[in-house]
Amino acid sequence: MHTQSILVTGGHGQLATALSSHDGVIRVGRPDFDFDRPDTIDAVIRAHDPSIVVNAAAWTAVDAAETDVDGARRANHAGPARIAAVCRELDIPLIHISTDYVFSGDKGSPYVETDPVDPRSVYGRTKADGEQAVLQAQPDSIILRTAWVYSPYNRNFVRTMVEAAARRPTLRVVSDQIGNPTSADALADVIMHIIGKIRDTGWKPDYAGIYHAAGQGQASWYDLACMAVNAAARRGNPQPVMEAIATADWPTPARRPPDARLDCTRLRQMFGCAPGPWEPEVERVVEKLLSQAA
């Protein structure tokens, strides 16, 4: 019999931190658990013998992946495949976190799980390859594609905007890329709901596969920045001038999907849950960020 613990990879990343506030979660990361040292993957999973593994570890430096393809592949493809293989050997279900970047962003409407992947960056390609490797190595796996994750923890776009607003009179933010901002805490709640259902019913083959799990409602990076900066201003922070710019005005090594909105219908139908609207979560995150800085 496995222990009742939930093993979460990802160290001090946003999602791992959010999950760590829930009962039964054991959080692991480097140096004890390191995709660059594959033997640590086996050792950590066997040592904890959890009832379920949540892989929230990944290479998320999108632009840096363009020049370190091998590093991104180890973290987003080979490493998750090794986790999945160990989980299958030990009969442990796996929840693996993926991304909207597996899509090109050219569809023009929200993506569903059956849409073909078409990544346009090294990050997106390695994450797409990782999805398939996980499902092949451990059929009892759930892939959760999420997007634009923000939180009071670690580095993320909302935190960057709030801190930049305190220093600069003007902020220039891309307005022609849209997606689904997702609170790490809301995503963690969804994961715990899924785990609760698996524990209540036992693993069912119907649970396996890919699901979209992103914040309800769409936004551009400019919209998200304005929401965060305005929330901070209402709490006494400076109010900079917000300037909307085009992607072409802010070139990056990796191509971002211009419209990678995700449809979360399948997640709601199967598990009865999904992240809620993104706007209230931004208010909550900003309030927590400012209280931590006080």
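Details of the structure are given in the entry above.
Because the structure is predicted, anything quoted here is derived from the model rather than measured.

(A) Focus on the overall build of the protein. Each helix and strand in the protein was counted, giving nine helices and 12 strands. Against the globule reference of 19 Å for 294 residues, the protein gives a C-alpha radius of gyration of 19 Å, in line with a compact fold. Oriented by its inertia axes, the alpha-carbon framework of the protein measures out at about 60 × 40 × 40 Å. Out of the 294 residues in the protein, the part that is buried amounts to 52%.

(B) Expanded view of the pairing of strand S2 (residues 25-28). With four bridges connecting them, strand S1 (residues 6-9) and S2 associate as parallel partners. When the sheet's bridge partners are listed, isoleucine 6 is paired in S2 with valine 25. For the handedness criterion, the β-α-β arrangement of S1, helix H1 (residues 14-19) and S2 is classed as right-handed.

(C) Up close: unusual backbone geometry. Residue arginine 30 is joined to proline 31 through a cis peptide bond whose omega torsion reads 5°. Relative to the helices and strands, proline 31 is located in the loop between S2 and helix H2 (38-48). Notably, aspartate 49 is not glycine yet its phi reads approximately 45°, a positive angle. Inspection of the secondary structure puts aspartate 49 in the loop between H2 and strand S3 (52-55). Owing to a relative accessible area of 23%, aspartate 49 belongs among the partly exposed residues under this scheme. For asparagine 154, which is not glycine, the phi torsion reads 60° and is therefore positive. Its location among the elements puts asparagine 154 in the loop between strand S6 (149-150) and helix H5 (157-165). By relative accessible area, asparagine 154 is classed as partly exposed at 38%.

(D) Layout of the packing of aromatic side chains. For the coordinates displayed, the defined rule picks out eight aromatic pairs. When the centroid spacing of 4.8 Å and the interplanar angle of 55° are considered together, the rings of phenylalanine 157 and tryptophan 221 count as tilted. Of this pair, phenylalanine 157 sits in helix H5 while tryptophan 221 is found in helix H7 (residues 221-233), placing the two residues 64 residues apart along the sequence. For tryptophan 221, a relative accessible area of 15% gives the class buried. Plain terms: the ring middles of tyrosine 207 and phenylalanine 271 are 5.2 Å apart, the flat faces sit at 45° to each other, and that makes the pair tilted. In this pair, tyrosine 207 sits in the loop between helix H6 (184-201) and strand S10 (209-212) while phenylalanine 271 sits in helix H8 (residues 265-271), placing the two residues 64 residues apart along the sequence. Taken as a pair, tyrosine 207 and phenylalanine 271 share a single burial class, namely buried. Three or more aromatic residues joined by ring pairs form one cluster here, namely Trp203, Tyr207, Tyr211 and Phe271. The side chain of arginine 266 reaches across the aromatic face of tyrosine 211, ending 4.1 Å from its centre.

(E) Local environment of the side chain of serine 5. Note on placement: serine 5 falls in the segment before S1. The buried category is assigned to serine 5, whose relative accessible area is 11%. Ignoring any residue separated from it by four or fewer positions in sequence, one finds serine 5 in contact with Gly24, Ile26, His48, Pro50, Ser51, Ile52 and Arg199.

(F) Just the layout of surface pockets, in detail. One number sums up the size of the second largest pocket: a volume of about 280 Å³. Taken together, 14 residues form the lining of the second largest pocket, with His2, Ser51, Pro93, Ile198 and Trp203 sitting closest to its centre. For the lining of the second largest pocket, the element with the most residues is H6, which contributes three residues. Partitioned by chemical class, the residues of the lining of the second largest pocket number seven nonpolar, four polar and three charged.

(G) Region of the structure containing the pairing of S3. Neither face of S3 is open: one carries Ile52 and Val54, the other Val53 and Asn55, and all of them are buried. Judged from the four bridges that link them, S1 and S3 form a sheet pairing that is parallel. For isoleucine 6, the partnering residue across the bridge sits in S3 and is isoleucine 52. Across three bridges, S3 lies against strand S4 (residues 94-99) in parallel orientation. Bridging across to S4, valine 54 finds its partner in isoleucine 95. Crossover S3 to S4 through helix H3 (residues 69-90) is right-handed.

Each value, and the rule that gives it
- Residues numbered from 1 in each chain as written.
- Predicted model: local features only at pLDDT ≥ 70, side-chain atom pairs only at ≥ 80, totals over all residues.
- Heavy atoms only, no water.
- Helix = DSSP H or I, 4+ residues; strand = E, 2+ residues; numbered from the N terminus.
- Rg over C-alpha atoms; globule rule 2.2 N^0.38 Å.
- Buried < 20%, exposed > 50% of the residue type's maximum accessible area, 1.4 Å probe, protein only.
- Pairing = 2+ DSSP bridges.
- Right-handed = clockwise from strand over helix to strand, strands pointing away.
- Phe/Tyr/Trp six-rings, centres within 6.5 Å; stacked < 30°, edge-to-face > 60°.
- Lys NZ or Arg CZ within 6 Å of the ring centre and 35° of its normal.
- Contact = heavy atoms within 4.5 Å.
- 1 Å grid on protein atoms, 1.4 Å probe; cavity = no way out; pocket = protein on both sides within 12 Å on 5 of 7 lines; lining within 4 Å.
- Points joined across faces, edges and corners; volume = space filled by probe spheres on them.
- Nonpolar A, V, L, I, M, F, W, Y, C, P; charged D, E, K, R; others polar.

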